[in-house]
Amino acid sequence: MKRYPLAGPSITDAEIALVTEAASDGWYENAGKYQKIFEDEFAEYLGVNFAIALPSCTAAIHLALLALGVGPGDEVIVPELTWIATAAPINYVGAAPVFADVDRESLCISVESVKSCISSKTKAVIAVDLYGNMPNYERLNALCKSCNISLIEDAAEAIGSAVPLGKAGTIGQIGVFSFHGSKTLTTGEGGMLVTDSSEFAARVRFLCDHGRSPGDTSFQNEEVAYKYKMSNVQAAMGIGQLRRIDQLVEKKREIFSNYKQFLSICSGTRLLEETGGVYSSYWMTTLLWEEHSRTNKFEVIKQLAEKGIDSRPIFSPLSSLQAYADVEKPDNQTSYSVGPYGVNLPSALCLSRSDIKFISDKVLEIFP
Ligand SMILES: *Cc1c(COP(=O)(O)O)cnc(C)c1O
């Protein structure tokens, strides 16, 4: 039986040539060369002052919180519907996550809910560009500014997306990206932290290399810190992928528009769509359906798997997870009512239009 993968990259001879080159000459006087090229080209692509290559987006969020001075006793607001990597680093630094509800239409963090979550302990908000979509940043930015709260943008899933305010990842004081194998641009594992602030950039460079200044060879560490680095071979892969980013994003958008065409007659369902001035890079095409149909997402995933179709549940509310059993349950009605009724459809970059047609036909059998 043919399998239809949920996610996966597009790798060409260009990436393979760069990785081969880095494996043979990314050493000696060229140590750090590929990381520097990747960072410079990434910063230029986004139009930001600084880009710092890291081993993962999780590490990037950890360092972002540290650079902003978040620590024990502080609260950080995150949306309910996201991958746990958005929230886990809040615990790493000894602060407390506070879960905000999402907007029904965008599935991104609700500005109204953020407002109600703000307390005297709130130090930062981490907004998430879920599945390539983006929240209402004009209002969120204004709210954070007026309350003197930092904004971190988790753009792990949204390279190539944009709102009128700017490209995904450039909206807050610090933006972060993931290059995990499932993401639109991949280095296998990897991440990037971007910022316009020289102060934050310097702090992150210092913290990611065991608390020493860049170029230090005397081993005079000033603080106990972390070792978060990307390798030359990963960076070479990233350079090759970044040079094809417009093509990768265009392919993701094409996958979405094919689903939209084939599923237009699918009753009681909708696709998560760009709205309110968002240009989405559609990392994942996401199918949502009416609560009253009562078909749970795990049941739909099982039925699709029987046809060789790989799908994933939309995120369950973080506050519902065992991992956060000790957190007081907030009354986030939208997250809890939408959460059980949505799946990510196969959105791998290898899928063809006829693959999408096949998948859509099977979805239509479930939602006639
Ligand atoms: C993938 C992802 C991350 C984590 O990325 P890693 O590189 O795996 O650490 C963080 N946030 C969101 C929203 C993600 O989808």
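Residues numbered from 1 in each chain as written. Predicted model: local features only at pLDDT ≥ 70, side-chain atom pairs only at ≥ 80, totals over all residues. Heavy atoms only, no water.

Caption draft 1: Quick peek at the layout of surface pockets. Of the volumes computed, that of the largest pocket is approximately 600 Å³. In terms of lining residues, the largest pocket is bounded by 30 residues, among which Trp83, Ser182, Lys183, Trp283 and Phe315 are the most central. Contributing elements (two or more residues each) for the lining of the largest pocket: α3 (57–67), α10 (297–305) and β12 (312–313). When its residues are assigned to classes, the lining of the largest pocket shows 14 nonpolar, ten polar and six charged. A volume near 380 Å³ is recorded for the second largest pocket. As for the second largest pocket, its lining consists of 18 residues, and the residues nearest its centre are Arg205, Cys208, Asp209, Pro214 and Lys229. Looking at the lining of the second largest pocket, the elements with two or more residues in it are α2 (33–46) and β1 (50–54). With three residues, α2 is the single largest residue contributor to the lining of the second largest pocket. (1 Å grid on protein atoms, 1.4 Å probe; cavity = no way out; pocket = protein on both sides within 12 Å on 5 of 7 lines; lining within 4 Å. Points joined across faces, edges and corners; volume = space filled by probe spheres on them. Helix = DSSP H or I, 4+ residues; strand = E, 2+ residues; numbered from the N terminus. Nonpolar A, V, L, I, M, F, W, Y, C, P; charged D, E, K, R; others polar.)

Caption draft 2: Region of interest: the packing of helix α9 (residues 245–262) against helix α12 (residues 353–366). Taken N-terminus to C-terminus, the directions of α9 and α12 make an angle of 40 degrees; their axes are 9 Å apart at the nearest point. By the angle between their directions, the pair α9 and α12 is classed as oblique. Handedness of the α9/α12 crossing: right-handed. Where α9 abuts α12, its residues Ile255, Asn258, Tyr259, Gln261 and Phe262 lie against Arg353, Ile356, Lys357, Ile359, Ser360 and Leu364. When the residues that make up the contact of α9 with α12 are grouped by side-chain class, the tally is six nonpolar, three polar and two charged. (Axes fitted to C-alpha atoms, helices over the stretch in contact; angles between N-to-C directions. Parallel < 35°, antiparallel > 145°, perpendicular 65-115°, else oblique. Left-handed = near helix turned anticlockwise from the far one by under 90°. Contact = heavy atoms within 4.5 Å.)

Shape descriptors only; they carry no functional weight alone.
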